[in-house]
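# Descriptive analysis of the structure
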Amino acid sequence: MIFAIEEINKSSSLLPNISISHFSTCACLSNRKEHPSFFRTIPSDYYQSRALAQLVKYFGWTWVGAVRSDNDYGNNGMATFIEAATKEGICVEYSEAIARTASKEQVERVVRVISRGTARVLIAFLSYDEMDALLEAALSQNLTGLQWVGSESWITAHHLATMKYSGILYGSIGFAIKKAKIAGLQDFLLQVHPSQDPQNHILKEFWEETFGCSFQSGLQDTKQCSGSERLRDIKNPFTDVSELRISNNVYKAVYAVAHAMHSMLKCGENSETVNASCTLKSILQPKEERKCILMKEEILQQPISW
């Protein structure tokens, strides 16, 4: 986000003289009555759920199990999938839910339901945390032999593509968020340094954790950070730009907002068509400019004595 904002602030054509300081797929957010001002740069789960049903149909799987996160993301996503799958002649043997606050025993019960079921295909519409909890319980109960079909939340997660989970997740399929390259981002990340923001404690903690040092002196068994450490000299997930999926949506979202604000501020200028969005132009005027306009209006409203 910071990278995109800095690009916009340096641009002479997008929001000139204006500075501005990402990833929700739930179909529930498409309700304009409840969320009239919500916009996104990623498709709604309404489409993903229907696509998953088509994927299952394509492989000829007509008897499946289902597990979901017990929240808007999972409940809405799974409801749409089941509706679409039913129309395609696909039967759902069971549909279990896992809450983020679910106890170990509750998650283990879900695994037992899956294990005792006869369906060999499992649709997992799960958020990151619930998927982790389910897999740990699946490991403890040796749950194998299933064909997993996953939602975008976990299907490309790096930490799941390990030997630890290979016996469970081998052959998993699903739809991933589009991967993209963002020119200049890696150089931007490699230049990050605590000296850029000395009061940023999160940045200091990141630096200490990354380089195994401390900015505090005199700590036993811990070397002191010198400040000469360079992110360019190490491999770190923070500077890895090979899998820009969610990050790319953040990047696009910032630019979408910037272009919208730019269009509103330029509305009516240079013979451009005046429309309803022009009425919002005054709201986006810089603070000091609005202050001057208000002062001018107050002066003009004052009675003049001759």
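Here, every reference points to the structure presented above.
Each chain has its residues counted from 1, running along the sequence as written. In keeping with the model being predicted, local features are shown solely for residues with a pLDDT of at least 70 and side-chain atom pairs are shown and tallied solely at 80 or more, while totals for entire chains, interfaces and linings include all residues. Hydrogens are left out, water is left out, and the side-chain values use all remaining heavy atoms of the structure.

## Section: the environment of Ala124
- Helix and strand definitions follow DSSP, with helices as H or I runs of at least four residues and strands as E runs of at least two, each counted in order from the N terminus. Positionally, Ala124 belongs in strand S3 (residues 121–125).
- In what follows, residue pairs with any heavy atoms lying within 4.5 Å of each other are defined as contacts. Residue contacts for Ala124: discarding those within four places in its chain leaves Val67, Trp148, Val149, Gly150, Ser151 and Trp154.

## Here's the deal with the packing of aromatic side chains
- Put simply, two rings from Phe, Tyr or Trp (the six-membered ring, in Trp's case) pair if the centres are within 6.5 Å, and we call them stacked under 30 degrees between planes, edge-to-face over 60, tilted for the rest. The tally for this structure, following the rule as stated, stands at five aromatic pairs.
- Ring centres of Phe59 and Trp61 lie 4.8 Å apart, and the angle between their planes is 15°; on these two criteria the pair is classed as stacked.
- With a centroid separation of 4.8 Å and an interplanar angle of 50°, the aromatic rings of Trp207 and Phe211 are classed as tilted. With Trp207 and Phe211 both in helix H8 (residues 201–211) and four residues apart, the pair spans about one turn of that helix. Here the two residues Trp207 and Phe211 agree in accessibility, since each one is buried.
- Grouped by ring-pair contacts, the aromatic residues Tyr58, Phe59 and Trp61 constitute a single cluster. Accessible area is worked out with a 1.4 Å probe on protein chains only. A residue is then buried under 20% of its type maximum, exposed over 50%, and partly exposed in between.

## Some remarks on the state of the cysteines
- Throughout, a disulfide means two cysteine sulfur atoms within 2.5 Å of one another. Scanning the model with the defined rule gives one disulfide in all.
- Each sulfur in the disulfide pair Cys213 and Cys225 lies 1.9 Å from the other. On the S-S bond that ties Cys213 to Cys225, the torsion sits near 90°, and the link is right-handed. Taken as a pair, Cys213 in strand S6 (residues 213–214) and Cys225 in the loop between strand S7 (223–224) and helix H9 (246–265) lie far apart in primary sequence, twelve residues in all.
- Given the relative accessible area of 4%, Cys213 is considered buried.

## A short note on the nonpolar core
- Buried residues of nine kinds, namely Ala, Val, Leu, Ile, Met, Phe, Trp, Tyr and Cys, make up a nonpolar core once their side-chain atoms join them within 4.5 Å. Core analysis: the largest hydrophobic core is formed by 25 residues, its most contacted members being Leu134, Trp148, Trp154 and Leu169.
- Elements supplying a minimum of two residues to this core: strand S2 (91–98), helix H4 (104–116), S3, helix H5 (128–140) and helix H6 (163–169).
- When residues of this core are assigned to their parent elements, the largest contribution, five residues, is made by H5.
- Look past the residues within four positions of Trp148 in its chain and what remains in contact with it is Leu122, Ala124, Met131, Leu134, Leu135, Trp154, Ile168, Leu169, Ser172 and Ile173.

## Observations concerning the pairing of strand S4 (residues 147–150)
- Burial of the side chains of S4 extends over both faces: Gln147 and Val149 are buried on one face and Trp148 and Gly150 on the other.
- Should DSSP find at least two bridges between two strands, the strands are regarded as paired. In the sheet, S4 pairs with strand S5 (residues 173–174) via two bridges, with the strands oriented parallel. Of the residues in S5, the one forming a bridge with Gly150 is Gly174.
- A crossover counts as right-handed when, viewed with the strands pointing away from the observer, the path leading from the first strand over the helix to the second turns clockwise. Running through H6, the crossover from S4 to the neighbouring parallel element S5 is right-handed.

## Let's talk about unusual backbone geometry
- The backbone of Asn142 sits at a positive phi, close to 55°, despite the residue not being glycine.
- Its location among the elements puts Asn142 in the loop between H5 and S4.
- Phi angles above zero are rare outside glycine, and Asp221 is one such case at about 60°.
- Here Asp221 lies in the loop between S6 and S7.

## Here's the deal with the environment of Ala102
- Among the structural elements, Ala102 can be located in the loop between S2 and H4.
- For Ala102, a relative accessible area of 25% gives the class partly exposed.
- Spatially, the C-alpha atom of Ala102 lies 8.7 Å from that of Glu130, the residues being 28 residues apart in sequence.

## Quick word on the sheet that holds S2
- Strand order across the open sheet formed by five strands is S2-S1-S3-S4-S5, with parallel pairing between neighbours. Either end of the sheet is taken by a strand with one partner, and the two such strands are S2 and S5.
- Sheet topology places S3 next to S4; four bridges connect them, and they run parallel. For Val121, the partnering residue across the bridge sits in S4 and is Gln147.
- Lines are fitted to the C-alpha atoms to define the axes, a helix being fitted only along its stretch in contact, and any angle between axes, read from their N-to-C directions, falls within 0 to 180 degrees. Sitting on the sheet, helix H3 (residues 72–87) is in contact with strand S1 (63–69), S2 and S3, with an inclination near 160° to S1.
- Lying on the sheet, H4 is in contact with S1, S2 and S3; it crosses S2 at an angle near 170°.

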